[in-house]
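One-letter residues, chain by chain:
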Amino acid sequence: MRFLGYFEQICSIPHCSYQAQKLGEFLLEFSKSRGFEAKIDENFNIHAIKGKPKICLQAHYDMVCVGEAPKIELENDGEFLSAKNSTLGADNGIGLAIIMDIMDEAQDLEVLFTSDEEVGLIGANAFAGDICAPALLNLDSEDDSEVIIGCAGGLLAEFGREFEPCELGLGELFSSSVSEHLSTGLLFNEGSHSTSAKNSTQNSSNLNANYCESSEYLSTRLLFNESSHSTSAENSTQNSSNLNANYYELSCEGLEGGHSGMQIAKNIPNAIKELAHFAKNHGANILAMSGGDRDNAIPTWAKALVSASSKLQSKGLVNAKKLDLLGAKELFTKLCDDDLKNTIIMKANSADFTRNSRIPMKANSADFTRRENSRNSRIPLLNDFLLALPHGVLGWDEGLGLPKTSANLAIVRTRLTSRDENARIAFSVQIYARSSSQEELAKLKNSYEAISELAGFQSSFGASSMPWEPEQSHFATSVLTALQKYRPNAKITAIHAGLECGCLSAKMKQKGKKLVACSIGPNISGAHTINERCEIKSAQIIAQVLRDLLKNA
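Just so it is clear, the model here is predicted, and its values are computed rather than measured. (Residues numbered from 1 in each chain as written. Predicted model: local features only at pLDDT ≥ 70, side-chain atom pairs only at ≥ 80, totals over all residues. Heavy atoms only, no water.)

Caption draft 1: Inspection of the overall build of the protein at higher detail. Counting its regular elements, the protein contains 15 helices and 23 strands. Of all 553 residues assigned to the protein, the portion counted as buried reaches 59%. The contacts in the protein between residues at least 6 apart in sequence include a share of 78% that link residues at least 24 apart. Element-wise, carbon and sulfur atoms account for 47% of the exposed surface of the protein, whose accessible area totals about 22300 Å². (Helix = DSSP H or I, 4+ residues; strand = E, 2+ residues; numbered from the N terminus. Buried < 20%, exposed > 50% of the residue type's maximum accessible area, 1.4 Å probe, protein only. Contact = heavy atoms within 4.5 Å. Areas by Shrake-Rupley, 256 points an atom, 1.4 Å probe, with all protein chains shown as cover.)

Caption draft 2: Molecular detail of the layout of surface pockets. Size it by volume and the largest pocket reaches roughly 590 Å³. Trp468, Gly502, Cys503, Ser505 and Ala506 are, among the 26 residues lining the largest pocket, the residues nearest its centre. Residue assignment for the lining of the largest pocket shows that the elements contributing at least two residues are strand E8 (146-151), helix H14 (501-510) and strand E21 (516-519). Looking at which element gives the most residues to the lining of the largest pocket, the answer is H14, with seven residues. Taken together, the residues of the lining of the largest pocket sort by class into 12 nonpolar, eight polar and six charged. (1 Å grid on protein atoms, 1.4 Å probe; cavity = no way out; pocket = protein on both sides within 12 Å on 5 of 7 lines; lining within 4 Å. Points joined across faces, edges and corners; volume = space filled by probe spheres on them. Nonpolar A, V, L, I, M, F, W, Y, C, P; charged D, E, K, R; others polar.)

Caption draft 3: Region of the structure containing helix H12 (residues 438-454). Taking 1.5 Å per residue as the helical rise, H12 with its 17 residues ought to reach 24 Å, and the 25 Å between its terminal C-alpha atoms agrees with that figure. Among the residues of H12, those classed as buried are Leu441, Leu444, Tyr448 and Ser452. On an axial view of H12, the arc spanned by its buried residues comes to 65°, and they lie on one face. Opposite the packed face of H12, turned more than 90 degrees from it, sit the exposed residues Glu439, Asn446 and Leu454. Contact partners of the buried residues in H12: strand E9 (153-163), helix H11 (382-388), strand E16 (392-397), strand E17 (402-416), strand E18 (425-435) and strand E19 (458-461). Capping the start of H12 is the job of one residue whose side-chain oxygen sits 3.3 Å from the backbone nitrogen of glutamate 439: serine 437. (Expected span 1.5 Å × (residues − 1). Arc of directions from axis to C-beta. Polar contact = N/O pair within 3.5 Å; in protein donor to acceptor, adjacent residues only side chain to side chain.)

Caption draft 4: Main features of the packing of helix H13 (residues 474-484) against helix H15 (residues 536-552). Two elements in contact, H13 and H15, have axes separated by 9 Å at closest approach and are oriented at 125°. Considering the angle they form, H13 stands oblique to H15. Along this stretch, H13 crosses H15, giving a crossing that reads as right-handed. Of the residues in H15, those touching H13 at Ser478, Val479, Ala482 and Leu483 are Ile541, Ile542, Val545 and Leu549. Class assignment of the residues belonging to the contact of H13 with H15 gives a composition of seven nonpolar, one polar and no charged. (Axes fitted to C-alpha atoms, helices over the stretch in contact; angles between N-to-C directions. Parallel < 35°, antiparallel > 145°, perpendicular 65-115°, else oblique. Left-handed = near helix turned anticlockwise from the far one by under 90°.)

Caption draft 5: Looking closely at the state of the cysteines. What the rule picks out here adds up to one disulfide. With a sulfur-sulfur separation of 2.0 Å, cysteine 16 is cross-linked through a disulfide to cysteine 65. Here cysteine 16 and cysteine 65 share a disulfide; its torsion about the S-S bond, -100°, makes the bridge left-handed. Of the two residues, cysteine 16 is situated in the loop between helix H1 (2-11) and helix H2 (21-33) and cysteine 65 in the loop between strand E3 (55-60) and strand E4 (74-76); the sequence distance between them amounts to 49 residues. Grouping residues by exposure puts cysteine 16 and cysteine 65 together as buried. Just so you know, cysteine 132 is unpaired, no disulfide at all, and the nearest cysteine sulfur is the one on cysteine 56, 8.6 Å from it. Taking relative accessible area as the criterion, cysteine 132 reaches 44% and is therefore assigned partly exposed. Counting only cysteine sulfurs, cysteine 501 is the nearest neighbor of cysteine 518, a cysteine outside any disulfide, at a range of 7.3 Å. Taking relative accessible area as the criterion, cysteine 518 reaches 0% and is therefore assigned buried. (Disulfide = S-S within 2.5 Å.)

Caption draft 6: Quick look at the side chain of serine 505. Its place among the elements puts serine 505 in helix H14. Beyond its immediate stretch of four places on either side in the chain, serine 505 contacts Trp468 and Leu515.

Caption draft 7: Focus on the nonpolar core. In terms of nonpolar packing, the biggest core is built from 67 residues, with Ile94, Ile98, Phe113 and Leu137 touching the most fellow members. Among the elements that take part in this core, helix H3 (residues 90-103) stands out by supplying nine residues, more than any other. Setting aside its immediate chain neighbours within four residues, phenylalanine 113 contacts Leu27, Ser31, Phe44, Asn45, Ile46, Ala59, Tyr61, Leu96, Ile99 and Met103. Counting residues in each nonpolar core, the second largest holds 55 residues, with Leu305, Leu409, Phe427 and Phe461 among its members. (Core = buried A, V, L, I, M, F, W, Y, C linked by side-chain atoms within 4.5 Å.)

Caption draft 8: Empty space enclosed by the protein, seen in detail. In total, this model carries five cavities of 30 Å³ or more according to the counting rule given. There is about 200 Å³ of room inside the largest cavity. What lines the largest cavity is a set of 22 residues, and nearest its centre among them are Glu117, Glu118, His259, Arg434 and Gly498. Here the lining of the largest cavity is composed, by residue class, of nine nonpolar, six polar and seven charged.

Caption draft 9: Expanded view of the side chain of arginine 161. On the secondary structure map, arginine 161 appears in strand E9. Judged by its relative accessible area of 3%, arginine 161 falls in the buried class. Of the polar contacts made by the side chain of arginine 161, one reaches the backbone oxygen of alanine 455; its length is 2.7 Å.

Caption draft 10: Up close: the confidence of the model for the protein. Across the protein, the average pLDDT comes to 82, with 78% of residues at or above 70. Counted against residues more than four places away or in other chains, residues 172-243, with its pLDDT under 50, gives 123 contacts. Low pLDDT, under 50, characterises residues 339-379; the stretch is placed with 108 contacts to residues that sit more than four places away or in other chains. (pLDDT = per-residue confidence, 0-100.)

Caption draft 11: View of the packing of aromatic side chains. Using the criterion set out here, one finds five aromatic pairs in the structure. With 5.3 Å between their ring centres and 80° between their planes, tyrosine 6 and phenylalanine 30 make a pair best called edge-to-face. With tyrosine 6 in helix H1 and phenylalanine 30 in helix H2, this residue pair connects regions lying 24 residues apart in the sequence. Residue classification places phenylalanine 30 among the buried positions, given a relative accessible area of 7%. Judged by centre distance (5.7 Å) and plane angle (70°), the ring pair of phenylalanine 163 and phenylalanine 427 falls under edge-to-face. Linking phenylalanine 163 in strand E9 with phenylalanine 427 in strand E18, this pair joins segments that are 264 residues apart in sequence. Taken individually, phenylalanine 163 and phenylalanine 427 each receive the classification buried, so the pair is uniform in this respect. Joined through ring pairs, the aromatic side chains of Phe159, Phe385, Tyr448 and Phe457 make up one cluster. (Phe/Tyr/Trp six-rings, centres within 6.5 Å; stacked < 30°, edge-to-face > 60°.)

If you want it as structure tokens, here you go:
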């Protein structure tokens, strides 16, 4: 089982999406060392050819990094491969390892290793080379009893909006002296614990000079009131008349999660939705929030700072923790400074993704500003916007027995637009939709734009992937026959997830060349989560199927 050794090597090389160049270089050198004519293109795809191939084997070499990944502590219990506290990267690292195993002995073979599949099939969409073989076999499937001949297309949308601090009840967070403290992450005024009525009065007047005093927001503005800790009877009386809100940390963590396509029909709880429903049901307003890791993974966690006029208690999947003013300030800081290492954020008004995973959407005067609406001047709550966005199966394909259209409410982030007294609070929300119908994806895009417009949010969209229409072929039948030798109940079907086969065959069709394609792969469960596992025996079967196919090609 040479592929196990190769997989261990792959795991030792960091290869998160957008950051997998080192693994790409390793695969390029490996291909050359096995006698293949190999090259890497400007989009980091590795194309290798040896002899006169009749089959091209294809896999992607980036992975979804969740938990401690890209550090992968590989575990092998003899039956399954897994990783300690991180995604395993068997999607699609085990496919890479099996192909490397085959490359050791093949004389006539074509191989294509593509980049950044997990973030929009970027490498495959950009591939400009010619596939020489008449048939392509992708190794990115996760069930060894299936031959896949069709998949869903995808559309990634992001929504953003900036708020004045006073609109959310946080005006007094941004005092005239805040800039010198923001750099240290304190976000507080030096006089916040002062017992001096004089200091408290002075600080309060400075704050009120710069930020709105609308009574609509006073109940929550006091979260960051400079005089909130004053022992002055005068100030205590003044504050008590406005202090109608309590502050809580809401958290929903440790959920099952899963692949946003393969497992969306299992009705797995979405941590972001669970937290938003809790806030809505208990009259709480979300002031800052962070949740989810990747657009193609069902969120396993979410955390928020909320204000509430009544006492909140933990219930169901959501934990509620009462905060004092200092705790609320610290949580706000943490949520705004949250590490985005596992998040890919699109540039605003861009047709594609940024390759820098730490650059959030850029704010400007035309984007994410408050939109005045004469018919309704109420500021939309983040709670309402999150609940209005769809999540789960939106349409079912009775013939194939799988979802036709779905959406995954994937990521929420809060950030400050600047580090001075002019800072605004910006919310960013990502949702990933899938459908086997391009028409349905277009309708969803229209719905997203309408929802965001009504809520005063700005919408932007990443490059979409086209659905791969199921097409029966002699090649797919031959793959099925080879697979049924080991899995008698194997069948030809389609999946509600993204595969590169359709994209690559469509590219060849545009060049006037017929390329038939299908996909197989070993049993993998929990992809895109820290519970990811790969069955070793199943991977052995897939490796043997490849040998049989190449022998009879």
